Amino acid sequence: MLQTLKRWIGGAKAAGTDARALQAWARERGHHVKRVPADDGVVVEGVMHGTSWRLEWGSPQRAYLLERELRLRMDLGLPQHVQMMVISRALAEELEQAAYALFTQDMQTRIDSGMPEEMRWLAMFPKLPLAGMKTVRSRFTAVASPAAPAAAWLAPEVIAQLDAAGRTWLADDEPMVLMTLRGRLYLRIESLQPDGAMLDGALALYEAAARSALAASEGAVGQTQWPTTQSTAWQSHLPSSFSPDSTDEHPR
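Residues numbered from 1 in each chain as written. Predicted model: local features only at pLDDT ≥ 70, side-chain atom pairs only at ≥ 80, totals over all residues. Heavy atoms only, no water.

(A) Region of the structure containing the overall build of the protein. From N to C terminus, the protein includes 10 helices and 9 strands. Considering the protein as a whole, with its 252 residues, one finds that 51% of them fall into the buried category. Here the contacts in the protein between residues at least 6 apart in sequence split such that 67% fall between residues at least 24 apart. In the form shown here, the protein has an accessible surface area of approximately 11,400 Å², with 53% of it arising from carbon and sulfur atoms. (Helix = DSSP H or I, 4+ residues; strand = E, 2+ residues; numbered from the N terminus. Buried < 20%, exposed > 50% of the residue type's maximum accessible area, 1.4 Å probe, protein only. Contact = heavy atoms within 4.5 Å. Areas by Shrake-Rupley, 256 points an atom, 1.4 Å probe, with all protein chains shown as cover.)

Shown next as structure tokens:
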């Protein structure tokens with residue numbers, strides 16, 4: 001808990017690492033790759049059935065992540081009021097302890113002005129039951145507001161992917177956050193050096209969560225036809241008008 005509090009107050013600097021493996025992995029799958037020289041990061045972009053997705057690997061944007069962060073985001077057009085999150089249990093407990101420490105140290109201004117959604121949601125929203133596999137219940141925590149769409153979001157295919165993550169590519173103490181925010185779906189993972197198995201697993205989880213989020217959101221069913229296989233879903237289909245300059249923004 002003390003380390004999380006220190007990171008939250010003081011931040012952390014990312015160490016330089018080798019991006020070649022990630023670049024090779026992305027190019028093998030036909031995705032568009034762009035380097036971010038400022039922090040030796042990488043941006044991978046593609047279009048999935050008319051919806052753009054973006055994978056970023058670089059300096060952490062959350063104080064609870066150290067060294068390097070792998071993040072995925074896609075604008076699904078979800079209802080703005082739907083706020084759902086699945087977070088690794090160890091990280092949830094650490095953030096809850098850090099938030100309590102900030103409160104008890106009379107740092108409410110810092111909490112109100114700078115606390116990320118992850119910490120606020122853990123304090124504000126009710127926890128949801130994670131039915132099914134013991135691995136999932138022991139490794140992850142889910143919170144949401146409102147609860148009804150979130151219960152539908154945690155469909156069997158999402159639970160199965162969470163179980164696969166806990167058994168294979170996500171280490172016991174590795175922070176992970178999967179959440180919907182302002183109509184988008186985000187996945188954040190602390191990853192100093194992502195490998196192919198981890199990237200494939202993260203994309204499979206993200207695909208399942210995106211498809212289920214659309215189905216769970218009011219009026220979303222039938223608006224977007226999602227494929228049923230990972231290879232089809234995550235194959236890049238960049239339109240001919242795609243301009244590399246459109247990726248010049250720094251990863252967010």
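Still to come is the rest of the account.
(B) Main features of helix 8 (residues 156-167). Taking 1.5 Å per residue as the helical rise, helix 8 with its 12 residues ought to reach 16 Å, and the 16 Å between its terminal C-alpha atoms agrees with that figure. Listed as buried for helix 8 are V158, I159, L162, D163, A165 and G166. All buried residues of helix 8 project into a common sector of 160° when viewed along the axis, lining one side. Set apart from the buried face of helix 8 by more than 90 degrees, the exposed residues are P156 and R167. Packed against the buried residues of helix 8 are strand 5 (83-88), helix 6 (134-139), strand 7 (140-145), helix 7 (147-153), strand 8 (176-181) and helix 9 (196-216). (Expected span 1.5 Å × (residues − 1). Arc of directions from axis to C-beta.)

(C) Structural view of the pairing of strand 3 (residues 51-58). With 7 of 8 residues buried, strand 3 is to be regarded as a mostly interior element. Bridge count for strand 3 against strand 4 (residues 69-75) is 6 bridges, and the pairing is antiparallel. Following the sheet pairing, W53 is matched in strand 4 by M74. (Pairing = 2+ DSSP bridges.)

(D) Structural context of the packing of aromatic side chains. The tally for this structure, following the rule as stated, stands at 1 aromatic pair. Note on W121 and F125: the rings are 5.4 Å apart at their centroids and 35° apart in plane angle, and the pair reads as tilted. Each of the two residues, W121 as well as F125, counts as buried. One residue, R68, lies across the ring of W57, its end atom 5.2 Å from the ring centre. Seen from the ring of F140, R139 lies directly overhead, with NZ or CZ sitting 5.9 Å from the centre. (Phe/Tyr/Trp six-rings, centres within 6.5 Å; stacked < 30°, edge-to-face > 60°. Lys NZ or Arg CZ within 6 Å of the ring centre and 35° of its normal.)

(E) Quick peek at the environment of D18. For D18, the position within the fold is in the loop between helix 1 (2-10) and helix 2 (20-28). Between the alpha carbons of D18 and D40 there is a distance of 8.3 Å; along the sequence they are 22 residues apart. If we skip the residues at most four places from it in the chain, D18 touches W57 and Q193.

(F) Here's a closer look at the side chain of R139. Structurally, R139 is set in helix 6. A relative accessible area of 12% places R139 in the buried class. A polar contact is formed between the side chain of R139 and the backbone oxygen of G166, at a distance of 2.8 Å. Among the polar contacts made by the side chain of R139, one reaches the side chain of D172 at a distance of 3.2 Å. Those residues in contact with R139 that lie beyond four places of it in its chain are I87, S88, R89, G166, L170, A171 and D172. (Polar contact = N/O pair within 3.5 Å; in protein donor to acceptor, adjacent residues only side chain to side chain.)

(G) Molecular detail of the confidence of the model for the protein. Across the protein, the average pLDDT comes to 78, with 74% of residues at 70 or higher. Taken element by element, the predicted model of the protein shows its lowest mean pLDDT in helix 10 (residues 230-233) (36) and its highest in strand 8 (97). Note that residues 8-15 has pLDDT below 50 and, in this model, 17 contacts with residues that lie over four places away or in other chains. Residue range residues 219-252 is modelled with pLDDT below 50. Its contacts to residues more than four positions away, or to other chains, number 76 contacts. (pLDDT = per-residue confidence, 0-100.)

(H) Fine view of the pattern of salt bridges. Applying the stated criterion across every chain yields a total of 17 salt bridges. We note a salt bridge from E28 to R29, for which the minimum N-O separation is 3.6 Å. Residue R29 is classed as partly exposed on the basis of its relative accessible area of 26%. We note a salt bridge from E96 to K127, for which the minimum N-O separation is 2.9 Å. Linking E96 in helix 3 (residues 89-104) with K127 in strand 6 (residues 127-128), this pair joins segments that are 31 residues apart in sequence. Its relative accessible area of 29% is what places E96 among the partly exposed residues. (Salt bridge = Lys/Arg side-chain N within 4 Å of Asp/Glu carboxyl O.)

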